[in-house]
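Coordinate inspection notes
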Amino acid sequence: MTLHLDDLRVRHLGECHHDSPLAEMLAAKRTSPHYVAEGDRVLLEDTVSMLAEHGLPPDRLPSFEAAGPRRKIYFDPVRVTAGIVTCGGLCPGLNDVIRGLVQELTTQYGVERILGFRNGLRGLTAQHRDDTIELTPDRVRDIHNAGGTILGSSRGAQDADEMVDSLLLRGINVLFVIGGDGGMNAATHLAAAIRARDLDIAVIGVPKTIDNDLPYTDQSFGFQSAFAQAANFISSVSIEAAASPDGIGIVKLMGRHSGFIACYASLARNAADIVLIPEVPFALEGDDGLLARVEQHVRAKGFVVIVVAEGAGQDLLAERGLLEGDATDASGNAKLGDIGTLLRETLTAHLTAAGLAPTVRYIDPSYAIRSVTANAYDSVYCLRLAHAAVHAAMAGRTETAVVRWRRRFVHVPMPLIISKRNQVDPDGDLWMSVLEATGRLVGNPSARHPLLVDG
Ligand SMILES: Nc1ncnc2c1ncn2[C@@H]1O[C@H](COP(=O)(O)OP(=O)(O)OP(=O)(O)O)[C@@H](O)[C@H]1O
Ligand SMILES: O=P(O)(O)OC[C@H]1O[C@](O)(CO)[C@@H](O)[C@@H]1O
Ligand SMILES: [Mg+2]
């Protein structure tokens, strides 16, 4: 889909008439290599060939509105009540974002009332809307020292109009939704319901997901902390595998439809021999199948380390009747089959039949990679996203997500954030790095499972 400038424009609640408390500081600011001034824009694409293809003058090229403080703002801060909600699966840095929002709203803008809705969007239903947490700088001072979210989170559908009623009843003018694709979807519906009732409530999204499966953002916060933790399990399994005769180490990592965690964690340790992700199908049987390749590896090297994303090989599970049909969770996300166990069982059987005596070590760290605190990099990132989110809300932006795009902080219309899934491109440079690191670059790139072609 080709995007045009108009597709990238974000919604405003109206004209900004109030002086920002930050106006004086902003007065002399101009665009530089380190700052994008108010009114300037950040290009969607970044190669000469992609830009040339449009054949447009620079100001007509597809570009995002720069995030950051404005001299004039829409809301009178003393009249603002802000709401914060965290939804979906946990992600390192959720508490950092909550803390950053509260600190920025109070210290920079003087907002006096901030409510945290509990347990995700469930907290915005009629039944739970009164059970909020008053968020103050004191209350959030130390929350970044713990993983998870002090607000709680949940999956499951809610009615958009009922949530709008909750915002009205609790006097919310700006709502910050910290969520993944589902949360951004819900926020988009919520913002549409607000618009349909012509209400003056801003909805700002802060995209989060350890899977890194949201588009139009360089990487989502928490992803780096999650894959760093995942890399530790790869180290453990490779130490175990190397110390055992015919050792097989398997680590299954989260990543429903996108294999970013598996790729980055593997590259972080550079110890994996085989990386399996949802985006690159593979076969078990046959000369080029996984079983034969693992056997070759074990015979040549003595052990093998396999990193598998949980969403990989779901077709193989389906063929074997090991999937629960169309089963989904409360939010409508597909329930996955257990590829790790299938690998452990089929590899053990195959290698034993081939006369080897495999020692199989299988680790499924599961939630252990996403319940950790944010690392220092993610903490900085979360704080800066929180700052951008507060500036966007106070300037009356709505149905808008704040993201980092090509290292700049920008505003992305929410419908765009949910328009597609970010996935590892089998033709992209990340997957090429994985193939290089696992020594499997040579071969037929159109093979069904190029990672298993000998290097
Ligand atoms: N298409 C949708 N329309 C409206 N609401 C949705 C939609 N998809 C999900 N939601 C709601 O958004 C909330 C979060 O969704 P979900 O559980 O899928 O997690 P998420 O935000 O995608 O996070 P993650 O993928 O990182 O776990 C849930 O309450 C869910 O009901
Ligand atoms: O939290 P739940 O419902 O067990 O879902 C786990 C899923 O959530 C994620 O952590 C984020 O979507 C996925 O990686 C994982 O498949
Ligand atoms: Mg999701």
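Residues numbered from 1 in each chain as written. Chains lettered and ligands numbered in written order. Predicted model: local features only at pLDDT ≥ 70, side-chain atom pairs only at ≥ 80, totals over all residues. Heavy atoms only, no water.

- By the naming in an unreviewed UniProt entry, the protein chain is ATP-dependent 6-phosphofructokinase, taken from Saccharopolyspora dendranthemae.
- As recorded by UniProt, the Subcellular location (unreviewed entry) comment attached to the protein chain reads in full: "Cytoplasm".
- Database annotation for the protein chain, UniProt heading Cofactor (unreviewed entry): "Mg(2+)". (UniProt positions renumbered as here; feature names shortened; annotations may be inferred.)

Thoughts on the overall build of the protein chain
- Counting its secondary structure elements, the protein chain contains 14 helices and 17 strands.
- In terms of overall dimensions, the protein chain has C-alpha extents of about 80 × 55 × 35 Å along its principal axes.
- Taking all 455 residues of the protein chain together, 54% fall into the buried category.
- Restricting the contact set of the protein chain to residue pairs at least 6 apart, pairs at least 24 apart contribute 78%. (Helix = DSSP H or I, 4+ residues; strand = E, 2+ residues; numbered from the N terminus. Buried < 20%, exposed > 50% of the residue type's maximum accessible area, 1.4 Å probe, protein only. Contact = heavy atoms within 4.5 Å.)

Quick look at the pattern of salt bridges
- One pass over the structure, following the stated rule, counts 24 salt bridges.
- Arg 71 serves as the salt-bridge partner of Glu 38, at 3.8 Å between the closest nitrogen and oxygen. Taken together, the positions of Glu 38 in the loop between α1 (23–26) and β3 (41–43) and Arg 71 in the loop between β4 (63–66) and β5 (72–73) put the pair 33 residues apart, joining distant regions of the chain.
- Where Asp 76 meets Arg 79, a salt bridge forms, and the shortest distance between an N and an O atom there is 3.3 Å.
- For Asp 76, a relative accessible area of 24% puts it in the partly exposed group.
- Residues joined in a network through salt bridges with shared partners are Arg 11, Arg 195 and Glu 399. (Salt bridge = Lys/Arg side-chain N within 4 Å of Asp/Glu carboxyl O.)

Quick notes on the domain arrangement of the protein chain
- Considered domain by domain, the protein chain is made up of domain 1 (5–220 + 374–418) and domain 2 (223–371).
- On a C-alpha basis, the centroid separation for the pair domain 1 and domain 2 is 36 Å.
- Every contact between the two is made by 20 residues of domain 1 and, on the other side, 18 residues of domain 2.
- Looking at the side of domain 1 facing domain 2, the largest losses of area belong to Arg 155, Ile 210 and Asp 211, adding up to 37% of the total buried there.
- Our count for the domain 1 to domain 2 interface comes out at one salt bridge.
- Across the pair Asp 329 and Arg 155 runs a salt bridge, and its minimum N-O distance is 3.6 Å. (Domains from an automatic or database assignment. Buried area = accessible area lost by both parts, 1.4 Å probe.)

Observations regarding the site of ligand 1
- The immediate surroundings of ligand 1 are formed by 20 residues, with Gly 89, Gly 156, Asp 181, Lys 208 and Ser 331 found nearest.
- Separating an oxygen atom of ligand 1 from a side-chain N or O atom of Arg 155 is a distance of 2.8 Å.
- Within the backbone of Ala 157, a nitrogen or oxygen atom sits 3.3 Å from an oxygen atom of ligand 1.
- Expressed as a share of its isolated accessible area of 620 Å², the protein-covered part of ligand 1 is 84%.
- Here the shell around ligand 1 gets six residues from one element, more than from any other, and that element is helix α6 (residues 181–196).
- Counted by class, the shell around ligand 1 contains four nonpolar, 13 polar and three charged residues. (Near = heavy atom within 4 Å. Polar contact = N/O pair within 3.5 Å; in protein donor to acceptor, adjacent residues only side chain to side chain. Areas by Shrake-Rupley, 256 points an atom, 1.4 Å probe, with all protein chains shown as cover. Nonpolar A, V, L, I, M, F, W, Y, C, P; charged D, E, K, R; others polar.)

A closer look at the packing of aromatic side chains
- Applying the stated criterion across every chain yields a total of nine aromatic pairs.
- With a centroid separation of 6.2 Å and 55° between ring planes, the pair formed by Tyr 377 and Tyr 381 is classed as tilted. With Tyr 377 and Tyr 381 both in helix α12 (residues 376–394), this residue pair falls four residues apart, about one helical turn.
- Here the aromatic cluster, defined as three or more aromatic residues joined through ring pairs, consists of Phe 64, Tyr 216 and Trp 405.
- The residue whose ring lies beneath Lys 301 is Phe 303, and the NZ or CZ to ring-centre distance is 4.5 Å. (Phe/Tyr/Trp six-rings, centres within 6.5 Å; stacked < 30°, edge-to-face > 60°. Lys NZ or Arg CZ within 6 Å of the ring centre and 35° of its normal.)

Overview of the environment of Leu 317
- Position of Leu 317 among the secondary structure elements: in helix α10 (residues 314–319).
- Owing to a relative accessible area of 1%, Leu 317 belongs among the buried residues under this scheme.
- Note: C-alpha distance between Leu 317 and Leu 342 (25 residues apart in sequence) is 7.7 Å.
- With sequence-adjacent residues up to four places away left out, Leu 317 is seen in contact with Leu 322, Leu 323, Gly 337, Asp 338, Ile 339 and Leu 342.

Structural notes on the pairing of strand β11 (residues 247–253)
- Among the seven residues of β11, seven are classified as buried, and the element is accordingly described as predominantly covered.
- By the alternation rule, side chains of β11 split into Gly 247, Gly 249, Val 251 and Leu 253 and Ile 248, Ile 250 and Lys 252, which are all buried.
- Direction of pairing for β11 relative to strand β13 (residues 303–309): parallel, over a ladder of seven bridges. Bridging across to β13, Val 251 finds its partner in Val 307. (Pairing = 2+ DSSP bridges.)

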